[in-house]
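# Summary of structural features
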Amino acid sequence: MSESIIKIKGKKKGSFLDKVKEILPDGGNLNLCLTCGACASGCPATGLEDMDPRKFLRMCAMGLDEEAIHSPWVWMCTMCQRCIYVCPMKIDIPQLVFNARAEWPREDRPKGIRDSCDMALRNDSNSAMGTAPDDFIFVVEDVLAEYQESQPEFKDMQAPIDKPGTFFFLNQNSREPVTEPDEMVPLWKILHLAGVDWTYGSKGWAAENYCMFLADNDCWERVTRVSANQADELGTKVFLNTE
Amino acid sequence: MNRWYPDALKEFQIVTVFDLLLQYIQEGRIQLDKSIHSVPVAYHDPCNYGRKSLKTFGKAYFEEGRDVTKACCEDVRELNPNRNGAYCCGAGGGAWALPYSEERVFYGRTKARQITESGAKLVVAPCHNCRDQIMKSLNKEYDLGIEVKYLWELVADSLILPKK
Ligand code: SF4
Ligand code: SF4
């Protein structure tokens, strides 16, 4: 059926769906859709931009690639994957959305998220807020000193950075050191009371990765590599992921 | 991460905060006081640690977060549907860095309704995006009148200090 529609409209450009099918294992089941609508009825992004997951997939299947891909809706789907699990055919719509994001020329992708990825590449912190390693060290030391002083029961608590040979390498979402530094402390307290040997890294400490959401695979890889290298150089045994 | 680093993974193990907290609680390395959080508490399943983790790493963290929460609080409630069927809070996929904040709030309406229906006064959200979305957006926009804590924040606030 879809074939004839494409012919009538004279637009033979059904390549996007084919392209994504090639990347996904089992083609992401993308051509098995029963049009039942289960995905759409359980998707909180349904209705935004007059779009829903079922419609998005149908548009791609019918060769309306441009319209589907360039709908701002691809940035409103949170890629939460709920639709995959409610779909009787386990169709991977979020992967389709992710690849649609990647189709946008980099300069046309929403500015905020592009900036967050660029920030992370600016220095070795990986922080989407552009916080430099020195600033991170300063904040951690400052907050630690404050708590050691104001809460005598935690006067021996530590928050080491680049301490070699510890058991854990801990990462940290950069929202805390930048906007809510006190929120770093709960985990320090727990690790302290449990008697754990851990460290942050001055490089690659930031846990978030917006390049992933920007659908920029090369930058995503680079960001991840910085963290892994630092953990490796310090000889830590276990990478403790908090994200 | 395992997509780029099959080698690195062999060298060092990756552990999540969930595993760690649960282990310390079970081993008795930390002691918790349940009377500190006596209000009804709801546990929110972040997509990242549930569904996404299941698909990427083959392991979902549904029970660990609940077990830790239950070790800290008496009255733990569910936001149905939960676990694999849980609704996203609306702040995933990089939403915090995107210009569509009205859409983000609209998206979160389902989560907000679930929270209201559960009667919870405290919501435990282990993920940064969820915590900010529920605490800073949904709480205000939908008048939920709740407190929101990270999982480790809940644990830290429940700690019993060893008597020296
Ligand atoms: S992944 Fe996207 S389309 Fe699927 S349920 Fe979540 S928001 Fe909706
Ligand atoms: S739930 Fe699956 S089969 Fe049903 S409309 Fe959505 S994608 Fe198609």
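Keep in mind the model is a prediction, meaning the values are calculated, not measured.

Quick notes on the rules
- Residues numbered from 1 in each chain as written.
- Chains lettered and ligands numbered in written order.
- Predicted model: local features only at pLDDT ≥ 70, side-chain atom pairs only at ≥ 80, totals over all residues.
- Heavy atoms only, no water.
- Helix = DSSP H or I, 4+ residues; strand = E, 2+ residues; numbered from the N terminus.
- Buried < 20%, exposed > 50% of the residue type's maximum accessible area, 1.4 Å probe, protein only.
- Contact = heavy atoms within 4.5 Å.
- Areas by Shrake-Rupley, 256 points an atom, 1.4 Å probe, with all protein chains shown as cover.
- Near = heavy atom within 4 Å.
- Nonpolar A, V, L, I, M, F, W, Y, C, P; charged D, E, K, R; others polar.
- Domains from an automatic or database assignment.
- Buried area = accessible area lost by both parts, 1.4 Å probe.
- Salt bridge = Lys/Arg side-chain N within 4 Å of Asp/Glu carboxyl O.
- Polar contact = N/O pair within 3.5 Å; in protein donor to acceptor, adjacent residues only side chain to side chain.
- Core = buried A, V, L, I, M, F, W, Y, C linked by side-chain atoms within 4.5 Å.
- Patch = residues over 30% accessible without salt bridge, like charges linked within 9 Å, V, L, I, M, F, W, Y side chains within 5 Å.
- Lys, Arg positive; Asp, Glu negative; His and termini not counted.
- Charge placed at Lys NZ, Arg CZ, Asp CG, Glu CD.
- Phe/Tyr/Trp six-rings, centres within 6.5 Å; stacked < 30°, edge-to-face > 60°.
- Lys NZ or Arg CZ within 6 Å of the ring centre and 35° of its normal.
- Expected span 1.5 Å × (residues − 1).
- Bend = angle between axes of the 7 residues up to and from the residue.

## Description of the overall build of chain B
The secondary structure content of chain B amounts to 8 helices and 5 strands. Start at the N end of chain B and walk to the C end: the helices and strands fall as α-β-α-β-α-α-β-α-α-β-α-β-α. Every one of the 164 residues in chain B was classed for burial, and the buried ones make up 57%. Summarising the internal contacts of chain B: among those between residues at least 6 apart in sequence, 75% fall at separations of at least 24. Only carbon and sulfur atoms are counted for the fraction: they give 50% of the accessible area of chain B, which is about 7100 Å².

## Quick notes on the site of ligand 1
C43, P53, W73, C77, T78, M79, C80, Q81, R82, C83 and P94 of chain A together with Y107 of chain B make up every residue found near ligand 1. Surrounding ligand 1 is a set of residues that belongs to chains A and B. Among the residues forming the shell around ligand 1, the class breakdown is 9 nonpolar, 2 polar and 1 charged.

## What to know about the domain arrangement of chain A
Residues and elements named next belong to chain A. Domain boundaries assigned for chain A yield domain 1 (16-104) and domain 2 (111-240). Across the contact, 5 residues belong to domain 1 and 7 residues belong to domain 2. With both sides pooled, the region where domain 1 packs onto domain 2 buries about 410 Å², and carbon together with sulfur makes up 72% of that total. Applying the counting rule to domain 1 against domain 2 returns 0 salt bridges. Inspection of the domain 1/domain 2 interface yields 0 residue pairs in polar contact (both at pLDDT 80 or more). The class makeup of the residues in the side of domain 1 that touches domain 2 is 4 nonpolar, no polar and 1 charged.

## Brief notes about the nonpolar core
Ranked by size, the top nonpolar core spans 64 residues in total, and within it W188, I190, W198 and Y200 of chain A together with I134 of chain B carry the most contacts. With 7 residues, the top contributor of residues to this core is helix α2 (residues 17-27) of chain B. In this structure, W198 of chain A is in contact with Q158, A159, P160, T166, F168, L170, W188 and L191 of chain A, ignoring residues within four places of it in sequence. The next biggest cluster of nonpolar side chains, apart from the first, holds 43 residues, and it includes L30, L48 and L57 of chain A together with C88 of chain B.

## Concerning a negative patch on the surface
Together, E141, D142, E146, E149 and D182 of chain A give the surface a local cluster of negative charge. Structurally, E146 of chain A is set in helix α9 (residues 133-150).

## A look at unusual backbone geometry
With an omega of -5°, the peptide bond running from N80 of chain B to P81 of chain B counts as cis. Tracing the sequence through the fold places P81 of chain B in the loop between β3 (76-78) and α5 (101-107). For Q81 of chain A, which is not glycine, the phi torsion reads 70° and is therefore positive. Counting through the fold element by element, Q81 of chain A comes out in the loop between α5 (65-69) and α6 (82-86).

## Regarding the packing of aromatic side chains
All chains considered together, the criterion is met by 7 aromatic pairs over all chains. Ring centres of W198 of chain A and Y200 of chain A lie 5.0 Å apart, and the angle between their planes is 90°; on these two criteria the pair is classed as edge-to-face. Accessibility classification places W198 of chain A together with Y200 of chain A in one group, the buried group. Seen in terms of ring centroids, F18 of chain B and Y49 of chain B are 5.1 Å apart; in terms of plane orientation they differ by 75°. Their pairing is edge-to-face. Taken together, the residues span a long stretch of sequence, with F18 of chain B in helix α2 and Y49 of chain B in the loop between β2 (41-43) and α3 (51-57) at a distance of 31 residues. Residue class for Y49 of chain B comes out buried when judged on its relative accessible area of 9%. Here the aromatic residues F136, W198 and Y200 of chain A are joined through ring pairs into a cluster of three or more. In this structure, R82 of chain A is placed above the aromatic ring of Y87 of chain B, and the distance from its NZ or CZ to the ring centre is 4.0 Å. Lying over the aromatic face of F106 of chain B, R109 of chain B brings its terminal NZ or CZ to 3.9 Å of the ring centre.

## Brief notes about the site of ligand 2
Residues and elements named next belong to chain A. If you check the shell around ligand 2, you find 13 residues, and the closest are C33, C36, G37, C39 and C87. Elements represented by at least two residues in the shell around ligand 2 include exactly α3 (38-41) and α4 (53-61). When grouped by side-chain class, the residues that make up the shell around ligand 2 number 10 nonpolar, 2 polar and 1 charged.

## Considerations on helix α7 (residues 128-141) of chain B
Residue and element names in this part refer to chain B. With 14 residues, α7 extends 19 Å between its outermost C-alpha atoms, agreeing within 8% with the 20 Å of an ideal straight helix rising 1.5 Å per residue. The largest bend along α7 measures about 35° and falls at I134. Buried residues dominate α7, accounting for 10 of its 14 residues. Positive backbone phi, at 45°, marks D143, one or two positions downstream of α7.

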